Amino acid sequence: MTDLATRAAPPRTPLPRRAAPALLGYVAVRALGLVVLAGWSAARGKSAHTLLTARWDSLWYARVAGPGYGYEVRLPNGDVHSDLAFFPLLPWLERLLHAVAPLSYADAGLVVSVLASLAAAAGIFAVAEHVYGGRAGVCAVLLWAVLPVGIVQSMAYSESLFTALAAWSLYAVLTGRWVAAGALAALAGLTRPVGLAVVAAVWTAGVISFVRYRSARDAHGAHDGGRAFEPADEVRAGRSAHTGSADGTAHASSASGGAPVAARASVSSPPPLRSLPSLVAGLLIAPLGAAGYVLWVGHRTGAGPLGYLDVQAGWRNGFDGGYAFARFVAEKFTSLPSALAGAGLIVGVALLIRLYVACVRQRQPVALLVYTGVVLALALCASSYFGSKPRLLMPAFPVLFPLARALARTRTSRAVLVTAGVAAASAVYGAFWLNGSGPP
């Protein structure tokens, strides 16, 4: 009789079919948000379409997509707002779509963002399902959709595009596809400055995987008369650990069709290394996007490798360890109405930190922990405009996984009611926010 530990695992339902409930729920939440936005905007005599495509950063992206880089605004206080602060991938896609379809650059940006938001939802599901199972994957997607500033996912902004690239790069890391992980990380680095978080995640997981590979090779050689260790040896070892126990009894798969229970129990470590050349290639490719654009900006401005930092300084953006943000919060306590806002900010930051600690305690894969940690640090410790921080935090989707696990453990009826209630509140807040201060 064939040992179950070496028997091939049964085929699973394809990922698109497994992700369908999450995507349908995501579309429903975003549709609700857009309907409420349209009604709210019409009541105030504004155009929802204009709010989504032709305000704040979306104007800068459309301008880059058209004439190209070179536009800047000089403010009375001496600050210089240059379009070089905006990374090029979204404008490139806007220009491409404008060339092949009868769409303005702004409308092309909206289409890119809508499609990218669906790709991001699918990527979030894939990552969460791989780690915690299908039900948690659906809940993670819905929680990302109902974020208070979730309306940004439907704007001509780069957050959805970046989150899609980051999520699928992390999924490629979790499944050992290093070249794909590196290529997606490079594209993320061409999308937003926080692409550094994806590169850091790929490199950290890659180095750990290489160390484990070398350790396993050395140990295998020592116990096998010095025979050279082949990658296939580790693959077979990893497959046995994931498909069967030591006594040959196969582990049960989850009812949702997700990853096997045994696999989810061990995904806190990178997967077995299948090909050292692919790992090296992925690590070399990962930083090319961000590094290439930053060096190009330095060359264009004549300021050298640090020229991009000068561009960001013109926007009053920098990294001060959170000092400016802490001072901003402290100033809220000078009067009673604003003190409530200050208290809310403190509670929000404390909640984020607590959720990240929960991610660590639940032993999320190291790639997710590094990625989330860098995103949180860059968003909370930067001296950028403080009204932008909620949307800057939106790509940190793994921080929602502890909540997704808790929601997944509740009864379906209760989970639906909770999600529907939060979705309605998010839709109202998004319409109010976008018709007011909005996401600069």
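Residues numbered from 1 in each chain as written. Predicted model: local features only at pLDDT ≥ 70, side-chain atom pairs only at ≥ 80, totals over all residues. Heavy atoms only, no water.

1. Details of the overall build of the protein chain
Which entries qualify depends on this criterion: Secondary structure elements are taken from DSSP: a helix is a run of H or I of four residues or more, a strand is a run of E of two residues or more, and numbering for both begins at the N terminus. We call two residues in contact when some of their heavy atoms are within 4.5 Å. Areas reported here follow the Shrake-Rupley algorithm with a probe of radius 1.4 Å; residue values treat only the protein chains shown as occluding.
If you tally the helices and strands in the protein chain, you get 20 helices and 2 strands. Counted over contacts in the protein chain with a minimum sequence separation of 6, partners at least 24 positions apart contribute 74%. Roughly 20100 Å² of accessible area belongs to the protein chain as shown, and the carbon and sulfur atoms make up 68% of that amount.

2. Remarks on the side chain of threonine 191
Quick reminder of the rule: Whenever a nitrogen or oxygen atom comes within 3.5 Å of another N or O atom, the pair is scored as a polar contact, on the condition that within protein one atom can donate a hydrogen and the other can accept it, and that pairs from neighbouring residues in sequence are kept only if both atoms are in side chains.
By the element assignment, threonine 191 lies in the loop between helix 8 (178-189) and helix 9 (195-223). A polar contact of 2.8 Å, which involves the side chain of threonine 191, links it to the backbone oxygen of leucine 187. In contact with threonine 191, other than residues within four places in its own chain, are Tyr61, Phe87, Leu89, Ser158, Leu161, Phe162 and Leu165.

3. Looking at the packing of helix 7 (residues 159-174) against helix 17 (residues 366-380)
Heads up, the condition is: Every angle, taken between N-to-C directions, lies between 0 and 180 degrees, and every axis is a line fitted to C-alpha atoms, over only the stretch in contact when it is a helix. Throughout, the term roughly parallel applies to angles under 35 degrees, roughly antiparallel to angles over 145, roughly perpendicular to angles from 65 to 115, and oblique to all others. Take the far helix as your reference; a near helix turned counterclockwise from it by less than a right angle gives a left-handed crossing, and one turned clockwise gives a right-handed crossing. Amino acid classes used here: Ala, Val, Leu, Ile, Met, Phe, Trp, Tyr, Cys and Pro are nonpolar; Asp, Glu, Lys and Arg are charged; the rest, including Gly, are polar.
The N-to-C vectors of helix 7 and helix 17 enclose an angle of 155°; their axes lie 9 Å apart at closest approach. Taken together, the axis directions place helix 7 and helix 17 in an arrangement best described as roughly antiparallel. The chirality of how helix 7 crosses helix 17 is right-handed. Mapping the contact onto sequence places Phe162, Ala166, Leu170 and Val173 in helix 7 and Ala367, Leu368 and Tyr371 in helix 17. Residue classes in the contact of helix 7 with helix 17 are distributed as 7 nonpolar, no polar and no charged.

4. Comments concerning unusual backbone geometry
Both trends apply: most residues other than glycine have a negative phi, and most peptide bonds are in trans. Just so we agree on the cut-off: Classification of residues uses two cut-offs on accessible area relative to the type maximum, computed with a 1.4 Å probe and protein chains only: under 20% is buried, over 50% is exposed, and between them is partly exposed.
Its identity as a non-glycine residue notwithstanding, arginine 316 has a phi of 65°, on the positive side. Its identity as a non-glycine residue notwithstanding, arginine 363 has a phi of 55°, on the positive side. With respect to the element layout, arginine 363 can be found in the loop between helix 16 (336-361) and helix 17. Look at arginine 363 and you get exposed, because its relative accessible area is 59%.

5. Quick word on the environment of leucine 196
Inspection of the secondary structure puts leucine 196 in helix 9. Owing to a relative accessible area of 48%, leucine 196 belongs among the partly exposed residues under this scheme. When the C-alpha atoms of leucine 196 and alanine 291 are compared, they prove to be 9.4 Å apart, with 95 residues separating the residues in sequence.

6. Some points on a nonpolar patch on the surface
Selection rule: Grouping into patches uses exposed residues only, defined as over 30% relative accessible area, and leaves out salt-bridged ones; the cut-off is 9 Å for like charges and 5 Å for nonpolar side chains (Val, Leu, Ile, Met, Phe, Trp, Tyr). Any Lys or Arg side-chain nitrogen located within 4 Å of an Asp or Glu carboxyl oxygen qualifies as a salt bridge.
A cluster of nonpolar side chains, Val27, Val111, Leu115 and Leu118, forms an exposed patch at the surface whose accessible area comes to about 300 Å². Examining the composition of the nonpolar patch, we find that 3 residues originate from one element, helix 5 (residues 105-132), more than from any other. According to the relative accessible area criterion, leucine 118 is partly exposed, its value standing at 31%.

7. A look at the nonpolar core
Across soluble globular proteins, you tend to see nonpolar side chains buried next to one another. We apply this condition: Residue types Ala, Val, Leu, Ile, Met, Phe, Trp, Tyr and Cys, when buried and joined through side-chain atoms within 4.5 Å, form a set referred to as a nonpolar core.
Core analysis: the largest hydrophobic core is formed by 109 residues, its most contacted members being Trp144, Tyr371, Phe397 and Phe401. The dominant element in this core, judged by the number of residues it contributes, is helix 5, at 12 residues. Beyond its immediate stretch of four places on either side in the chain, tryptophan 144 contacts Tyr26, Ser117, Ala120, Ala121, Ile124, Gln153, Thr163, Met394, Phe397 and Leu400.

8. Things to note about helix 4 (residues 89-100)
The condition is simple: Each residue after the first adds 1.5 Å to the expected span of a helix.
With 12 residues, helix 4 ought to run about 16 Å at 1.5 Å a step, and its terminal C-alpha atoms sit 17 Å apart, in line with that. Turning to helix 4, its buried residues number three or more, namely Leu89, Leu90, Pro91 and Glu94. Among the structural elements, helix 3 (57-65), helix 5, helix 7 and helix 8 are those in contact with the buried residues of helix 4.

9. Quick word on the pattern of salt bridges
If you walk through the whole model with that rule in mind, you get 6 salt bridges. The salt bridge involving arginine 391 is made with aspartate 57; its shortest N-O contact spans 2.9 Å. Here aspartate 57 lies in helix 3 and arginine 391 lies in helix 18 (residues 389-393), a separation of 334 residues in the sequence. Residue arginine 391 is classed as buried on the basis of its relative accessible area of 5%. The exposure class assigned to aspartate 57 is buried, which follows from its relative accessible area of 11%. One salt bridge connects glutamate 72 with arginine 74, and the closest N-O pair in it is separated by 3.2 Å. Relative accessible area serves as the criterion here: at 36%, glutamate 72 is assigned to the partly exposed category.

10. A look at the side chain of aspartate 83
Keep this limit in mind: His is not counted here, nor are the chain ends, while Lys and Arg score as positive and Asp and Glu score as negative.
Among the secondary structure elements, aspartate 83 is positioned in the loop between strand 2 (80-82) and helix 4. Comment: no salt bridge for buried aspartate 83; closest opposite-charge side chain is arginine 300, at 6.3 Å.

11. Structural notes on the packing of aromatic side chains
Here is the rule we go by: Note on aromatic pairs: the rings of Phe, Tyr and Trp (six-membered ring only in Trp) are paired at centre separations within 6.5 Å, and the planes decide the class, stacked below 30 degrees, edge-to-face beyond 60, tilted for the rest.
One pass over the full model with this rule turns up 19 aromatic pairs. Taken together, a centroid distance of 5.6 Å and an interplanar angle of 90° make the contact between tryptophan 168 and tyrosine 171 edge-to-face. Of this pair, tryptophan 168 and tyrosine 171 both sit in helix 7, 3 residues apart, which is roughly one turn of that helix. Under the relative-accessibility criterion, tyrosine 171 is labelled buried at 15%. Arranged with centres 6.0 Å apart and planes meeting at 45°, the rings of tyrosine 371 and phenylalanine 397 form a pair that is tilted. Taken together, the residues tyrosine 371 in helix 17 and phenylalanine 397 in the loop between helix 18 and helix 19 (401-408) connect sequence positions 26 residues apart. Here tyrosine 371 matches phenylalanine 397 in class, with each residue buried. Among the aromatic residues, those joined into a ring-pair cluster are Trp60, Tyr61, Tyr71, Phe86 and Trp315.

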